[in-house]
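# Fold and geometry: a report
Chain by chain, the residues:
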Amino acid sequence: MTVTSNTEQVRLPDVPALTAVLRPTGGVASVYVGGVVSQTADEWSARWHALVVRLRRDGAPEPIVDAIHERIAQAPVSAGHPVELALFASDGTNDGLSPVFVLPGFDQPDWAGYGGPAHVVPILNWLQQRPPYVLVVTDRAGADLVVSGGAGRAPRTRSVRGPDDEIERNAPGGWSQPRYQHRAEDSWRHNAAAVAHATAAALKRTGARLLIVSGDVRAVQLLGERLPAGVRDTVTVRHITGGRSFDGSQHDRPAAVAAVIAAAVAEETARTLATFVEHRGPSDRCVEGRGATIAALERGRVATLLVTPDAVRTRELDAAVRLTLLTGANVRVLPVGTAEAPAEGMGALCRYRRYR
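Attention here is on the structure that accompanies the text. Since the model is a prediction, treat every value here as computed from it, not as a measurement.

Now for the sheet that holds strand 13 (residues 346-350). Here we have 4 strands laid out as an open sheet, ordered 10-13-11-12, and mixed in their pairing. Among the strands making up the open sheet, the edge pair consists of strand 10 (286-288) and strand 12 (330-333). Strand-to-strand twist across the sheet, computed as the mean angle between neighbouring axes with direction ignored, equals 20°. Note that strand 11 (residues 302-307) and strand 13 share 5 bridges and pair antiparallel. The residue bridging Leu306 from the neighbouring strand is Gly347, located in strand 13. Here helix 8 (residues 249-278) sits on the sheet in contact with strand 10, strand 11, strand 12 and strand 13, set at roughly 80° to strand 13.

Structure below.
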């Protein structure tokens, strides 16, 4: 048995990368290092020793253990800093080592196991909590766009300046006053159209379905009116307070955005579960329980797999997730204690009924 080297660098995960990790059919070591700070080298050594014990307990061959250890040694691990990583290694049935995935904000306990297939549910849950989004902070002259591709990627900010700079309605009184006001209103509309165009492009580029908006009340209103109908119909729009100019809201904005994202993720989970509950039973548009769900997966019927990880044995869960991703279906991880969750912690929304 050999383990071949893979020099790909530490990277953020995505679904295609996880699908590649899941392809091997032999034994795979899966290791997660949570975001606990190891203050000393001895503390880090003790954590790694505990992971090695778990791998060996599950029957991981020594070349696999050594390969994982070598890869961790190459990762950006240092005392006094959080370590948030996921690593996988197979027994030579594919390219051996997979990339080291870095998981910023991953606050789960350390975990290690050996078996087949790879255990990627923690990463899927981590990705689920970090959807792409676009934040627009707008005023009557333009906007600042904060664009995030999700999956832990750092957001990028760009400014959009509208084509018109006559944005003030202040002018001498008299017969010319309405003309100045009309020019200003036209400028606001033109600038809002430019912001709407840039926003729609950013949403399309990232695939984001969450649009967060704040800023001048009139500018926000004009932006909403000028977003293409296709955008308004397909994205979730949420508003937060705060303006584009420095008004003190900048300090609170990250927390406000994080709260909106968490709420949007919970709402998406609730919508998915509501659809599952609606079609539960005789309609046969959904299945539940391990046996029925695996059977639907093997027939390629599943559109979205719903899982409650704590209610399913790890390897049964891993097998279901592998089938799901290899057939191009989606996975929705349900929180512990979710009401109306599928029986036996596993169910699915199907692409079509059993008898087509």
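Now that the structure has been shown, the text picks up again.
To continue, consider the nonpolar core. Phe88, Phe101, Val120, Ile123, Leu305 and Val321 are the most contacted members of the largest nonpolar core, which totals 36 residues. When residues of this core are assigned to their parent elements, the largest contribution, 5 residues, is made by helix 4 (residues 121-128). Within the second largest apolar cluster, 22 residues are counted, among which are Trp48, Ala67, Leu85 and Tyr114.

This part covers the side chain of Ser214. Inspection of the secondary structure puts Ser214 in strand 8 (residues 210-215). Here Ser214 is in contact with Val136, Val137, Thr138, Val220, Ile240, Thr241, Gly242 and Arg253, once residues within four sequence places are set aside.

Time to look at the sheet that holds strand 1 (residues 28-33). Taken in spatial order, the 4 strands line up as 3-2-1-4 in an open sheet, and their pairing is antiparallel. Single-partner strands in this sheet number two, and they are strand 3 (101-102) and strand 4 (111-115).

This next bit is on the packing of aromatic side chains. Scanning all chains against the criterion turns up 4 aromatic pairs. Centre to centre, the rings of Tyr32 and Phe88 are 6.0 Å apart; their planes meet at 90°, and the pair counts as edge-to-face. Note that Tyr32 is positioned in strand 1 and Phe88 in strand 2 (residues 85-90), a separation of 56 residues in sequence. In this pair, the class of Tyr32 matches that of Phe88, namely buried. An aromatic cluster is present here, built from Tyr32, Phe88, Phe101, Phe106 and Trp111 joined pairwise through their rings. A cation over an aromatic ring shows up here: Arg140 above the ring of Trp188, its NZ or CZ 4.2 Å from the ring centre. Across from the ring centre of Tyr352, 6.0 Å away, lies the NZ or CZ of Arg301, which sits over that ring.

Take the state of the cysteines next. This structure, assessed with the given rule, holds 0 disulfides. Summary of cysteine pairing: Cys350 is not part of a disulfide, and the nearest cysteine sulfur, belonging to Cys286, is at 7.1 Å. Given the relative accessible area of 4%, Cys350 is considered buried.

Glycine aside, residues mostly have negative phi angles, and peptide bonds mostly take the trans form. Of note, the amide linkage connecting Gly116 to Pro117 takes the cis form, showing an omega dihedral of -5°. Position of Pro117 among the secondary structure elements: in the loop between strand 4 and helix 4. Located in the positive-phi region is Ala151, a residue other than glycine, with phi close to 55°. Mapped onto the elements, Ala151 comes out in the loop between strand 6 (142-148) and strand 7 (156-161). If you check the backbone angles, Glu344 has positive phi at about 60° while not being a glycine. Here Glu344 is to be found in the loop between strand 12 and strand 13.

Reading the values: rules and limits
Residues numbered from 1 in each chain as written. Predicted model: local features only at pLDDT ≥ 70, side-chain atom pairs only at ≥ 80, totals over all residues. Heavy atoms only, no water. Pairing = 2+ DSSP bridges. Helix = DSSP H or I, 4+ residues; strand = E, 2+ residues; numbered from the N terminus. Axes fitted to C-alpha atoms, helices over the stretch in contact; angles between N-to-C directions. Contact = heavy atoms within 4.5 Å. Core = buried A, V, L, I, M, F, W, Y, C linked by side-chain atoms within 4.5 Å. Buried < 20%, exposed > 50% of the residue type's maximum accessible area, 1.4 Å probe, protein only. Phe/Tyr/Trp six-rings, centres within 6.5 Å; stacked < 30°, edge-to-face > 60°. Lys NZ or Arg CZ within 6 Å of the ring centre and 35° of its normal. Disulfide = S-S within 2.5 Å.

Geometric values such as these leave the question of function open.
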